[in-house]
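Given next are the chains, with one letter for each unit.
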Amino acid sequence: MEENAEGGLESVDMKVSRHNKPKKVHVKVICAQDKQIIKSIGGLGDDRTVVRVGDAFVTMHNFKCLLERSEYLNGDVINAYINLIAAEKHLLYRDGSSIYLENSLTFYILYRDGRYGEKSKPSLKEDTIVERVTNYVSHDMVFIPINIERTHWYLGVISGKKREIQVLDSMGKMGRDELTYAGDMEKFRLKLAAILLESDNNTAIESEDTESNADETIDPNEFYAYNKEWVISSNPYPITVNLEKLQGILNVNMPMDRDIFNLGARMLACDVLTSFREPKCHFLDLKFFWDCNYRRHPLHRVKPEPKKLATYFDVWPNSGVTFSECQLVFVPYRSCESYGVFALDRKDRIIAIIDPTPFSQWNDYNHPSFYYLPKIQKIAKTYERAMEEVDPMWNDDVYDWRHIFPSFVPKTMDRLFDGFLVLELMNSWDGQLFHRLLRADARMLRKWFLIEALKFTWDRCAPNIPEDLKAALHSIGDTRRGKYI
């Protein structure tokens, strides 16, 4: 959320420490000073309090969740950061509205007392409830962090001005797709650790008799940030993949990174075998769908020029296949952390909807394809603008094309895996059927994808690869044999 320092803030003390006021540059950059701050608490026992901000405190045991990318974020950490924000008065006024920040513990109490009523003894006295409600109604907005049984966090916002309750959920259906992108927040985990430790509002005092053990020193690089670039692909635009993202490919508990998916689409498009494929195909990546402005708030939409959109239909390196030769155009999409792809058949005017997600969402629609119409509409408009440059004779509307649902599409509820499935389905669809049946095994597809990515960028990544791994990669032949039935 952006901060606004307008609206009667002249009397507010604007003195802010380097870390107390979170900025975009802080989210994206983990500096050497931050790493040194985190290393300084190495060797402390799990019961030791390392952060205390107001009435919120974090023990070493709970603090470690910030250093593990896949760990559940502890409520104590969230409450400490909430108190840190509340201590900066200018952050409690945004766009002329006053903000009240609730902690996560209060939600549990209110939820329990409201759900079970007389069955449980209320934890809040009547005067405390009156005080809390008074605080709520005296502010324009109330922010309440909500947790689903140690699984997922989202934010509830009570807006008094608009007389509505707003839900900001990265896994839900929201009107702004950029709120579902967690790339910056993944980096912010480690940054938050440094913010909490360094803040002037952190009153936790180091114990004089605590001896630091060098073997137990916390190294952020060990836990999280592996920034060395292993895989580099520069054409038609640069994609760099560091060791952390490569390790994420093999981790079945990690979602597919957007750069990793775009690299996979590029691997398909630049494969020498693509030039021999029939019918001819053109592969787009997620950058095209991003320019479609799907589910983005009007204030954040950008209307790309036709010349820029036309570059998505240029000849891919090494393929030698021009767009005019292609019958199929693959348009992948990513929405609410799920991947899918539309295969546009330019000859037969057909859209093949290839989605590995089970069809439970169809129940809300009269026809299965209705669920996809908003995406197809955005793609059709953007595609038409691109054709103004690519094919001036174009006089059609993709939105009017017939929809089909191919058979034998593997289905999975695993949102962490569907991106790898979509890439393989793009590779095997020929406009009529899938010419090979895929083994929908998450570990296997992730393993083969990593091998193919390293081989694809061999000239650039070879210096970073240990000699024993190089020999192993050279000994692996055709990876396609293991992926298909």
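Structure's up top.
The structure presented is a predicted model; accordingly, all values stated were derived computationally and were not measured. Residue numbers run consecutively from 1 along every chain, following the written order of its sequence. Thresholds applied to this predicted model are a pLDDT of at least 70 for local features of residues and 80 or more for the giving and counting of side-chain atom pairs; totals over whole chains, interfaces and linings are not thresholded and use all residues. Note that water and hydrogens are dropped before the side-chain values are worked out from all heavy atoms of the structure.

Trainee: Explain the sheet that holds strand E4 (residues 97-101) here, please?
Mentor: Sheet strands associate in pairs through backbone hydrogen bonding, adopting either a parallel or an antiparallel arrangement. An order of E3-E4-E5-E6-E7 is seen for the 5 strands of this open sheet, with the pairing classed as mixed. Two strands lie at the open edges of the sheet, namely strand E3 (93-94) and strand E7 (164-168), each paired on one side alone. Two strands qualify as a pair provided that DSSP identifies no fewer than 2 bridges between them. Only runs of H or I of at least four residues qualify as helices and only runs of E of at least two qualify as strands under DSSP, and these elements are numbered from the N terminus. Note: strand E5 (residues 141-148) against strand E6 (residues 152-159), 8 bridges, orientation antiparallel. Each residue of the ladder has a partner; that of Ile-146, found in E6, is Tyr-154. Every residue pair with non-hydrogen atoms within 4.5 Å of one another is taken to be in contact. In this analysis an axis means a line fitted to C-alpha atoms, helices contributing only their contacting stretch, and an angle means the value between N-to-C directions, from 0 to 180 degrees. Those strands touched by helix H4 (residues 75-87) are E3, E4, E5 and E6, and its axis lies near 145 degrees from that of E4.

Trainee: Would you mind showing me how to read unusual backbone geometry here?
Mentor: The general pattern is negative phi for most residues beyond glycine and trans for most peptide bonds. In this structure, Pro-236 follows Asn-235 across a cis peptide bond, with omega equal to 10 degrees. With respect to the helices and strands, the residue Pro-236 is situated in the loop between strand E8 (229-233) and strand E9 (239-242). Here Glu-278 and Pro-279 are connected by a cis peptide whose omega angle stands at -10 degrees. Among the structural elements, Pro-279 can be located in the loop between helix H10 (258-270) and strand E10 (281-283). If you check the backbone angles, Asn-318 has positive phi at about 75 degrees while not being a glycine.

Trainee: Whenever I open this one, the sheet that holds strand E14 (residues 402-404) confuses me. Can you help?
Mentor: Strand order in the open sheet formed by 5 strands is E10-E11-E12-E13-E14, and the pairing between neighbours is mixed. Each having just a single partner strand, E10 and E14 make up the two edges of the open sheet. Strand-to-strand, the axes of this sheet are offset by a mean angle of 25 degrees, without reference to chain direction. Pairing between strand E11 (residues 328-335) and strand E12 (residues 338-345): 8 bridges, direction antiparallel.

Trainee: For this particular structure, what's the right way to read the pairing of strand E2 (residues 56-59)?
Mentor: For a regular strand, side-chain orientation follows a simple rule: the groups alternate between the two sheet faces. Where strand E1 (residues 49-53) and E2 come together, 4 bridges link them in antiparallel fashion. Bridge pairing in E2 links Val-51 to Val-58. Between E1 and E2, which pair antiparallel and follow one another directly, the connecting turn spans 2 residues, one of which, Gly-54, has a positive phi of 65 degrees.

Trainee: Quick question: what am I supposed to make of H10 here?
Mentor: Given 3.6 residues per helical turn, the α-helix brings residues three or four places apart onto the same face. Compared with an ideal rise of 1.5 Å per residue, which puts 13 residues at 18 Å, H10 spans 18 Å between its outermost C-alpha atoms and is within 8% of the ideal. Throughout this description, buried means an accessible area under 20% of the type-specific maximum (1.4 Å probe, protein chains only), exposed means over 50%, and partly exposed covers the range between. H10 sits mainly inside the fold: 12 of its 13 residues count as buried. Here H10 has its buried residues at Arg-258, Ile-260, Phe-261, Asn-262, Leu-263, Gly-264, Ala-265, Arg-266, Met-267, Leu-268, Ala-269 and Cys-270. In protein, a polar contact means a hydrogen-donor-capable atom and an acceptor-capable atom, both N or O and within 3.5 Å, with residues adjacent in sequence counting only if both atoms are side-chain atoms; elsewhere, any N or O pair within 3.5 Å suffices. Residue Asp-257 occupies the N-cap position of H10, its side-chain oxygen lying 2.8 Å from the main-chain nitrogen of Asp-259. The span one expects for a helix is its residue count, reduced by one, times 1.5 Å.

Trainee: How do you make sense of the packing of aromatic side chains when you look at a structure like this?
Mentor: Remark: the centre distance and the inter-plane angle together describe each pair of aromatic rings, the angle taken between the planes. Geometry of aromatic contacts follows a simple scheme: Phe, Tyr and Trp rings, the Trp one being its six-membered ring, pair when their centres are within 6.5 Å, and the pair is stacked under 30 degrees between planes, edge-to-face over 60, tilted otherwise. Under the definition given, this model contains 16 aromatic pairs. Look at Tyr-100 and Tyr-136: their rings are 5.7 Å apart centre to centre, the planes differ by 65 degrees, and that puts the pair in the edge-to-face class. Of this pair, Tyr-100 sits in strand E4 while Tyr-136 sits in helix H6 (residues 126-137); the two residues are 36 residues apart in sequence, bridging distant segments of the chain. Across the pair, exposure class does not vary: Tyr-100 and Tyr-136 are buried alike. Centroid distance Phe-313 to Phe-323: 5.0 Å. Interplanar angle 70 degrees. Geometry classified as edge-to-face. Taken together, the residues Phe-313 in the loop between helix H12 (306-310) and E11 and Phe-323 in the loop between H12 and E11 connect sequence positions 10 residues apart. Residue Phe-313 shares its accessibility class with Phe-323, and that shared class is buried. Chaining the aromatic ring pairs together yields one cluster made of Phe-288, Tyr-312, Phe-313, Phe-323, Tyr-383, Trp-394 and Trp-401. As a reminder, the over-ring test applies to NZ of lysine and CZ of arginine, requiring each to be within 6 Å of the ring centre and within 35 degrees of the ring normal. Sitting over the face of the ring of Tyr-237, Arg-266 holds its NZ or CZ atom 4.6 Å from the ring centroid.

Trainee: Where do I start with empty space enclosed by the protein in this structure?
Mentor: Gaps between atoms show up when a probe of the same size as a water molecule is rolled over them. A 1.4 Å probe that fits into a set of points on a 1 Å grid over the protein atoms alone but cannot get out defines a cavity; an open set with protein on both sides within 12 Å along at least five of seven lines defines a pocket, and lining residues are those with an atom within 4 Å of a point. Grid points are joined across faces, edges and corners, and a volume is the space filled by probe spheres set on the points. Counted under the stated rule, the structure contains 3 cavities of 30 Å³ or more. Taken together, Ala-269, Thr-274, Cys-281, His-282, Phe-283, Trp-316, Ser-319, Val-321 and Cys-326 make up the full set of residues lining the second largest cavity. Element by element, the count of residues in the lining of the second largest cavity is highest for E10, at 3 residues. Split by residue class, the lining of the second largest cavity holds 6 nonpolar, 3 polar and no charged. The residue classification treats Ala, Val, Leu, Ile, Met, Phe, Trp, Tyr, Cys and Pro as nonpolar and Asp, Glu, Lys and Arg as charged. All others, Gly included, are polar.

Functional significance is not addressed by these values, which are geometric in nature.
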